[in-house]
Amino acid sequence: MKSHTRVVVIGGGVVGCSVLYHLTKFGWTDVVLLERSELTSGSTWHAAGGMHTINGDPNVAKLQKYTVELYKEIEEYSGQDIGLHMTSGLMLAATTERFDWMKSLLAKGKYAGGEATLISAQEAYEMMPLLDPKQFVGAVFDPHEGHLDPYGTTHAYAKSAKKNGAEIYLHTKVEDLVQLEDGTWRVITDKGEIRCEHVVNAAGLWAREVGRMVGLELPVLAMEHMYLITEDMPEVIDFNKTTGKELMHCVDFDGEIYIRQERNGMLMGTYEKDCRPWSPIETPWTFGHELLAEDLERITSELEIGFRHFPAFNNAGIKKIINGPFTFSPDGNPLVGPVRGMTNFWSACAVMAGFSQGGGVGLALANWIIDGDPGFDVFAMDVCRYGDYATLAYTNAKVRENYSRRFSIRYPNEELPGARPLLTTPIYDKLKAAGAVFGASYGLETPLWFAPEGVEDAFSWRRSTDFEAVGREAKVVRESVGLMETSGFAKYMVSGEGSRAWLDHMLACKLPEVGRMALAPMLNDAGKLIGDFTIANLDDEDFLIIGSGIAEDYHMRWFEQHLPDDGSVDIEALNLNLVGLSIAGPKSRDVIAKLTHLDVSDAALPFMAIREMDLGMAPVILGRVSYTGDLGYEIWMRPEYQRYVFDTLMEAGAEFGISLFGLRALNALRLEKSFGSWSREYRPLYGPLEAGLSRFVALKKEASFIGKQAALEEKLSGGTLRLRTFIVEAKDADVIGDEPISYNGEVRGWVTSGGFAHPSGVSVAIGYVPKEIADEIDGWGVEILGEILPARLQPLSLFDANGSRMRS
Ligand SMILES: Cc1cc2nc3c(=O)[nH]c(=O)nc-3n(C[C@H](O)[C@H](O)[C@H](O)COP(=O)(O)OP(=O)(O)OC[C@H]3O[C@@H](n4cnc5c(N)ncnc54)[C@H](O)[C@@H]3O)c2cc1C
């Protein structure tokens, strides 16, 4: 074994081998993979080998497409047969609700060049005669599906990597990992030690245990999973003979099963409701090339539906039952990327669909290791999308929920109940008593809307039971004053003598003067948006930064990676040690004025001013800013004051008719102002000019901030896209996000977010379109539930276009 190398990849499953291959493909050839047993000996060897490109997240779908397209390349390069069968596939819907869901899924794929199409149940039957068309209402046909040999595929990656110079040591178990002062790693194995710069945890079934070697508790859990293989079936042999083709893949969502041809018979697998975690606390190192005990009883109800939907199975004998474990994260997406707080420790685990996603994971991780950036928007897979709330028990509850819902519909307004409530703020019970319907965001219970007595959230693709109430909440803000909780935002305190200079380098904006706030885009080296914050200068050495709650770890990782070594800057994520309330609307100043002796007139406390002051008896930080686009205030306080401040504001606001509002009303209000939000309009896919944020990028400031050169280039070239707002002639449903935008009948862009802008009474879609046509008023269409609806460009914001309301 070598004594030194650049990268050690732990784990020779399909994912580890893909990472190894991609590193060598991009020129890093001094790399090593360590495997405790043989290649594929984790979950890879017993996989059903199915793969497809469709995914609910368009960015993940792109990586799946890349994975599927890669197979030819590695087969040719390595000379290893991977048993590729591109059979194409069907996704079957047995209810109209399911068909609506498929339409939305399909629409998402359109701008990414997805070639899947909607077909009738009869057409599906003609393609796949094993199904009973009477059981279905329709289907999606996807030409890019199939299956392959897991063993051959993993070896093809491994051989290709070796051909490029990588070394693979089998029967070499990593037992410990120690990082040295200089940042390099001692990888201690049962066969000796190897030193390296980077460690990749691709340990699959043991990824949690490898994480624990460095003090990490990764949110990953293995679940048992079963599929059966039938004896030869005459229907299959007949079909093969008469058509010269293999039977295609099917996912039957309502039966919660998938099927495909296996030799002259069929394979049927299921994601059962009565699911079982495997090794919930500790995965035994002694587990080898083994299967788990079969338990057909547990999947009987799913199989019954399967046999009804595919009647030929009733006459088939079962040849083999496979029950094996494989890993999931709480939301079912992989955990990829550098781990926050560690140097050069990389995660490539929880890859539930290794044959659909393994190539993309390898590509993104190799880019990230070599260039410091994944090269794509991989937030949906980023290991940093979870905070410390994702404990062992949380992961267990969420993974079980996710597994049992693998083929379930998730409605756009549906909040899943698993592992809740976990994080709550001091006013949680008060909000609940007022009818709050909560969603969980980054573990925190966050009010979405306030339901009148007897009204519940009914999950739907269309406008639902919350519609009227959300409309009322939004209108109260525009007409008088509303109050909402804002604790779910991320809050960072940056302090120290070097903080001003450091922030000037990290953020693209001009830093505000003491007592002022500014909107602060943050760019990566390529000039793409990796953050949009509000920064407040408290006293030139203390800066409060407010950002997206779900990106707290993601942003902290970036901040910490760039901190100077000399101790001159300190950054802290304040979590729920600082909580927030916000009041907004034309009467909000009157409410604040009742609670302080200070002058809060526009002259004394103008738009974007911030003060440390008392509100009644409570010390707070009060900023004059509101995401509603109205006159408004964000009020930050220690949690022990929140109940008092809440009661005090509600009491003071009573004479003005103050009312509570939630995130859904906030969405309606910000849409009227065309305000973008993180992870929708603002993501690492877009430059600030494209996103309409260039006025907040201080290209003329002296400091050379990260991404300045690229932002200058974007200004010169004009970028390629523009963010635009459209009014859609919607019927009973509004956009959700990712729908295609067409211009003169051709798909030219995509929706980032939208909804019904209640006070204006119109349906709004915000999205990106090519800059050449971005100022055309007419000719637009937006697809909602399979129907292309006419849309019109809204060049100015719908509400208060000159901003006088928030500024006066
Ligand atoms: C029954 C079943 C059916 C499936 N069907 C499909 C399917 O149709 N399509 C699909 O895409 N996916 C399917 N999967 C999932 C698929 O198997 C996984 O996505 C994939 O195997 C994950 O690969 P991996 O490389 O991350 O992990 P693993 O395959 O678990 O590989 C991890 C490797 O790391 C090694 N290792 C661990 N710790 C150490 C250490 N300390 N030192 C050295 N080596 C170590 C292990 O020995 C192992 O070889 C299925 C899974 C099951 C169980």
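Everything here concerns the structure above.
So, how was this worked out
Residue positions are given per chain, counted from 1 along the sequence in the order it is written. Predicted model: local features are reported for residues with pLDDT of at least 70 only, side-chain atom pairs are reported and counted for 80 or more only, and whole-chain, interface and lining totals are derived from all residues. Hydrogens and water are ignored here; the side-chain numbers use all heavy atoms of the structure. Each helix is a run of DSSP H or I of at least 4 residues and each strand a run of E of at least 2, with the numbering of both proceeding from the N terminus. Two things to know: the radius of gyration comes from C-alpha atoms, and the globule rule equals 2.2 Å times the number of residues to the power 0.38. By the convention used here, residues are in contact when the closest approach between their heavy atoms is within 4.5 Å. We get accessible surface area from the Shrake-Rupley algorithm with a probe of 1.4 Å; when it comes to residues, only the shown protein chains can shield them. Ring pairs are drawn from Phe, Tyr and Trp, using the six-membered ring of Trp, whenever the two centres fall within 6.5 Å, and their geometry is named by plane angle: stacked under 30 degrees, edge-to-face over 60, tilted for the rest. Exposure is judged per residue with a 1.4 Å probe applied to protein chains only, and the accessible area is read against the type maximum: over 50% gives exposed, under 20% gives buried, and values in between give partly exposed. Only Lys NZ and Arg CZ are tested; either one counts as a charge over a ring when it is within 6 Å of the ring centre and within 35 degrees of the ring normal. Of all possible arcs, the one meant is that of the directions from the helix axis to the C-beta atoms. One heavy atom within 4 Å of a molecule or strand is enough for the residue carrying it to be called near that molecule or strand. Definition of a polar contact: a pair of N or O atoms within 3.5 Å, with one able to donate and the other able to accept a hydrogen when the atoms are protein atoms, and with sequence-neighbouring residues admitted only if both atoms are side-chain atoms. Under this scheme, a helix contributes an axis fitted over its contacting stretch, all axes are lines through C-alpha atoms, and angles between N-to-C directions fall in the 0 to 180 degree range. Each angle receives one of four descriptions, namely roughly parallel if under 35 degrees, roughly antiparallel if over 145, roughly perpendicular if within 65 to 115, and oblique otherwise. Being paired, for any two strands, means DSSP has found at least two bridges between them. Counted as salt bridges are all cases of a side-chain nitrogen of Lys or Arg within 4 Å of a carboxyl oxygen of Asp or Glu.

Moving on, we come to the overall build of the protein. Tallying secondary structure elements over the protein gives 19 helices and 38 strands in all. The C-alpha radius of gyration computed for the protein amounts to 27 Å, which stays within 12% of the reference 28 Å derived for 808 residues, consistent with globular compactness. Expressed as lengths along the three principal axes of its C-alpha atoms, the size of the protein is roughly 85 × 65 × 50 Å. Nonlocal contacts in the protein, meaning residues at least 24 apart in sequence, comprise 73% of its contacts between residues at least 6 apart. As displayed, the protein has an accessible area near 30,400 Å², and 51% of this comes from carbon and sulfur atoms.

Summed over the entire model, instances satisfying the criterion amount to 33 aromatic pairs. Ring centres 6.2 Å apart and planes at 90° place the aromatic pair Tyr 492 and Phe 533 in the edge-to-face group. A residue pair is termed long-range when its members are at least 10 positions apart, and Tyr 492 in strand β23 (residues 490–495) and Phe 533 in strand β25 (residues 529–537) qualify at 41 residues. We note that Tyr 492, like Phe 533, is buried. What links up through ring pairs into an aromatic cluster is the set Trp 101, Phe 253, Tyr 258, Tyr 271, Phe 326, Phe 328, Tyr 403 and Phe 407. Positioned above the aromatic ring of Trp 206 is the side chain of Arg 36, whose terminal nitrogen or guanidinium carbon lies 3.9 Å from the ring centre. Lying over the aromatic face of Tyr 271, Arg 406 brings its terminal NZ or CZ to 4.9 Å of the ring centre.

If you check which residues of helix α8 (residues 300–309) are buried, you get Glu 302, Leu 303, Gly 306 and His 309. Buried residues of α8, viewed axially, fall in a sector of 120°; they line one side. Packing partners of the buried residues in α8 comprise β12 (221–230), β13 (249–252), β14 (257–262) and β15 (265–270).

Before going further, it helps to spend a moment on the environment of Leu 365. Along the chain, Leu 365 falls in helix α9 (residues 354–371). In this structure the C-alpha to C-alpha distance between Leu 365 and Leu 20, which are 345 residues apart in sequence, comes to 9.8 Å. With residues up to four places along the chain from it excluded, the contact list for Leu 365 reads Val 19, Val 200, Val 336, Gly 337, Trp 346, Ser 347 and Ala 348.

What follows deals with the site of the ligand. Surrounding the ligand, one finds 39 residues, the nearest of these being Glu 35, Thr 44, Gly 50, Val 351 and Gly 354. Between the ligand and Arg 36 there is a distance of 2.9 Å, counted from a nitrogen atom to a backbone nitrogen or oxygen. Between the ligand and Leu 205, the relevant distance is 3.2 Å, taken from an oxygen atom to a main-chain nitrogen or oxygen of the residue. Here the ligand has 1,000 Å² of accessible area as a free molecule, and 97% of this is covered by the chains.

With respect to the helices, strands and loops of the structure, Lys 708 is situated in helix α18 (residues 708–717). Assessed through its relative accessible area of 15%, Lys 708 is described here as buried. Through-space distance from the C-alpha of Lys 708 to that of Gly 527 is 6.8 Å; in sequence the pair is 181 residues apart. Leave out the neighbours within four places in its chain, and Lys 708 touches Leu 699, Lys 701, Glu 702 and Ala 703. Looking at Lys 708, its side chain comes within polar contact range of the main-chain oxygen of Ala 703, at 3.2 Å.

A pair of packed helices can be characterised by two numbers: the angle between their axes and the separation between those axes. Look at helix α1 (residues 14–25) against helix α2 (residues 58–78): their axes get within 13 Å of each other, and the N-to-C directions meet at 75°. One finds that α1 runs roughly perpendicular with respect to α2. Of the residues in α2, those touching α1 at Tyr 21, His 22 and Lys 25 are Tyr 66, Leu 70, Glu 73, Ile 74 and Tyr 77.

Spatially, the 5 strands line up as an open sheet ordered β24-β25-β26-β23-β27, and their pairing is antiparallel. Of all strands in the sheet, those with a lone pairing partner are β24 (517–523) and β27 (570–573), marking the two edges. Strand-to-strand twist of the sheet, defined as the mean angle between neighbouring strand axes without regard to direction, takes the value 25°. Taken together, the 7 bridges between β24 and β25 define a ladder with antiparallel strand orientation. Of the residues in β25, the one forming a bridge with Ala 518 is Ile 535. In the packing of helix α14 (residues 552–561) onto the sheet, contacts are made with β23, β24, β25 and β27, and the angle to β25 comes to roughly 85°.

The element helix α17 (residues 663–672) is largely enclosed, with a buried count of 8 among its 10 residues. Of all the positions in α17, only Arg 664, Ala 665, Leu 666, Ala 668, Leu 669, Arg 670, Leu 671 and Glu 672 are classed as buried. Of the surrounding secondary structure, the elements contacted by the buried residues of α17 are β21 (444–450), α12 (467–479), β22 (482–485), β35 (746–757) and β36 (762–770). Immediately beyond the C-terminal end of α17, within one or two residues, lies Ser 674, with a positive phi of roughly 55°.

Our next topic: the sheet that holds β22. Strands sit in the order β29-β30-β31-β28-β22-β32 across an open sheet of 6 strands; the sheet is mixed. Looking at the sheet topology across the chains shown, the edges are occupied by β29 (610–615) and β32 (659–660). Examined bridge by bridge, β22 and β32 share 2 bridges and lie parallel to one another. The partner of Gly 482 across the bridge, within β32, is Ser 659. Against the sheet, helix α16 (residues 642–653) contacts β22, β28 (579–584), β29, β30 (618–623), β31 (632–637) and β32, and its axis sits at roughly 10° relative to β28.

This part covers the pattern of salt bridges. Inspection of every chain in the model, using the stated rule, returns 46 salt bridges. Note that Arg 298 and Glu 224 form a salt bridge whose closest N and O atoms lie 3.4 Å from each other. Taken together, the residues Arg 298 in the loop between β16 (277–278) and α8 and Glu 224 in strand β12 connect sequence positions 74 residues apart. Each member of the pair, Arg 298 together with Glu 224, is buried. Note that Lys 594 and Glu 655 form a salt bridge whose closest N and O atoms lie 2.6 Å from each other. Of this pair, Lys 594 sits in the loop between α15 (588–593) and β29 while Glu 655 sits in the loop between α16 and β32; the two residues are 61 residues apart in sequence, bridging distant segments of the chain. By relative accessible area, which is 44% here, Lys 594 ends up partly exposed. A relative accessible area of 57% means that Glu 655 is categorised as exposed. Each of the salt bridges in this network shares a partner with another, and the network as a whole consists of Asp 100, Lys 103, Arg 462 and Asp 732.

A word on the packing of α2 against α9. Where α2 contacts α9, the axes come no closer than 7 Å and their chain directions differ by 100°. By the angle between their axes, α2 is roughly perpendicular relative to α9. Two secondary-structure elements touch here, α2 through Val 60, Leu 63, Gln 64, Tyr 66, Thr 67, Leu 70 and Tyr 71 and α9 through Gly 354, Phe 355, Ser 356, Gln 357, Gly 358, Gly 359, Gly 360 and Leu 363.

Let us now look at unusual backbone geometry. With an omega dihedral of -10°, the bond running from Arg 420 to Pro 421 counts as a cis peptide bond. Considering the arrangement of structural elements, one finds Pro 421 in the loop between α10 (392–404) and α11 (428–433). Within the chain, Asn 575 stands out as a residue other than glycine whose phi angle is a positive 45°. Looking at the element boundaries, Asn 575 is found in the loop between β27 and β28. On the basis of relative accessibility, which here comes to 35%, the residue Asn 575 falls in the partly exposed class.

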